[in-house]
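The residues making up each chain are set out below.
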Amino acid sequence: MDVFLTGLMSFLNAFGIVSLVLIMVVSWLGLVVPVFPGTVVMWVAMGVYGLVYGFGKTGLILFIIITILMILSTFLDNFFMGAKALEKGASKWGIAISIIGGIIFSFIFPPLGGIIAAPLLLFLYEFWQSKDQKEALRITKGMLAGWGWSFVARFGVGFVMLGLWVAWFFANRG
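Residues numbered from 1 in each chain as written. Predicted model: local features only at pLDDT ≥ 70, side-chain atom pairs only at ≥ 80, totals over all residues. Heavy atoms only, no water.

1. Focus: unusual backbone geometry
Here is step 1 of the chain: You will see that Lys131, though not glycine, has its phi angle at about 60°, which is positive.
Here is step 2 of the chain: Here Lys131 lies in the loop between helix 5 (113-130) and helix 6 (133-173).
Here is step 3 of the chain: Given the relative accessible area of 60%, Lys131 is considered exposed. (Helix = DSSP H or I, 4+ residues; strand = E, 2+ residues; numbered from the N terminus. Buried < 20%, exposed > 50% of the residue type's maximum accessible area, 1.4 Å probe, protein only.)

Laid out in structure tokens, this is it:
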């Protein structure tokens, strides 16, 4: 019976770690979808790891750094999109409508609803404001370029978060 329980606990331990790793990696890859909060999901999985397997001194320090990176990544997304659109002449109202609409349509029509709705709403708002199709299109292209830069930044931050978690994992094993 003791051997059975030991084997069961080993299996559950391995299953838990593999599940958390899969959640983290899928969330990291999910950063391709602009409105998916991949770094937040990774952070939650890492927090669960800490609660279940222990933080330890090194883990606590790394989790604090991971938390700061997660917060940074959520701001980078909106910063790059908004900055590039503003650079091209977008109004703050147009950007706000675009972001809010993108979030709403992500829930209504996942996973592509927000990706389609956000630039479309920005284009429609800016066209309505300026009555100039070329200007609205130029602004929308600026926002899309910002999305590209935000993806690069979020993907990089997510990669660093994974690396820090791997260091934490091995620090807990040693």
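2. Things to note about the packing of aromatic side chains
Here is step 1 of the chain: Within the structure shown, the criterion is met by 17 aromatic pairs.
Here is step 2 of the chain: An angle of 20° between the planes, with centres 4.3 Å apart, marks the rings of Trp28 and Phe155 as stacked. Within this pair, whereas Trp28 is found in helix 1 (residues 2-29), its partner Phe155 is found in helix 6, the two being separated by 127 residues in sequence.
Here is step 3 of the chain: By relative accessible area, which is 15% here, Trp28 ends up buried.
Here is step 4 of the chain: With a relative accessible area of 24%, Phe155 lands in the partly exposed category.
Here is step 5 of the chain: Taking the centre distance of 6.1 Å and the plane angle of 20° together, the rings of Phe105 and Phe109 count as stacked. (Phe/Tyr/Trp six-rings, centres within 6.5 Å; stacked < 30°, edge-to-face > 60°.)

3. Regarding the nonpolar core
Here is step 1 of the chain: Core analysis: the largest hydrophobic core is formed by 23 residues, its most contacted members being Met24, Met46, Met161, Trp165 and Trp168.
Here is step 2 of the chain: Contributions of two or more residues to this core are made by helix 1, helix 2 (38-53), helix 3 (56-87) and helix 6.
Here is step 3 of the chain: With residues up to four places along the chain from it excluded, the contact list for Met161 reads Thr39, Met42, Trp43, Met46, Ile66, Leu69 and Met70. (Core = buried A, V, L, I, M, F, W, Y, C linked by side-chain atoms within 4.5 Å. Contact = heavy atoms within 4.5 Å.)

4. Quick look at the environment of Ala145
Here is step 1 of the chain: Mapped onto the elements, Ala145 comes out in helix 6.
Here is step 2 of the chain: Sequence-wise, Ala145 and Phe80 are 65 residues apart; in three dimensions their C-alpha atoms are separated by 8.5 Å.

5. Focus: the packing of helix 4 (residues 92-108) against helix 5
Here is step 1 of the chain: Where helix 4 meets helix 5, the closest approach of the two axes is 7 Å, and the angle between their N-to-C directions is 155°. On the basis of the axis angle, helix 4 is roughly antiparallel to helix 5. Considering the relative orientation of helix 4 and helix 5, their crossing is right-handed. For the pair formed by helix 4 and helix 5, the contact residues are Trp93, Gly94, Ile95, Ile97, Ser98, Gly101, Gly102, Phe105 and Ser106 on the first element and Gly113, Gly114, Ala117, Ala118, Pro119, Leu121, Leu122, Tyr125 and Glu126 on the second.
Here is step 2 of the chain: Taken together, the residues of the contact of helix 4 with helix 5 sort by class into 10 nonpolar, 7 polar and 1 charged. (Axes fitted to C-alpha atoms, helices over the stretch in contact; angles between N-to-C directions. Parallel < 35°, antiparallel > 145°, perpendicular 65-115°, else oblique. Left-handed = near helix turned anticlockwise from the far one by under 90°. Nonpolar A, V, L, I, M, F, W, Y, C, P; charged D, E, K, R; others polar.)

6. A short note on the packing of helix 2 against helix 6
Here is step 1 of the chain: In the contact formed by helix 2 and helix 6, the axes pass within 10 Å of each other and the chain directions differ by 10°. In terms of axis orientation, helix 2 runs roughly parallel to helix 6. Contacts between helix 2 and helix 6 pair Thr39, Met42, Trp43, Met46, Tyr49, Gly50 and Tyr53 from the former with Arg154, Gly158, Met161, Leu162, Trp165, Trp168, Phe169 and Asn172 from the latter.
Here is step 2 of the chain: Here the contact of helix 2 with helix 6 is built from residues that sort into 10 nonpolar, 4 polar and 1 charged.

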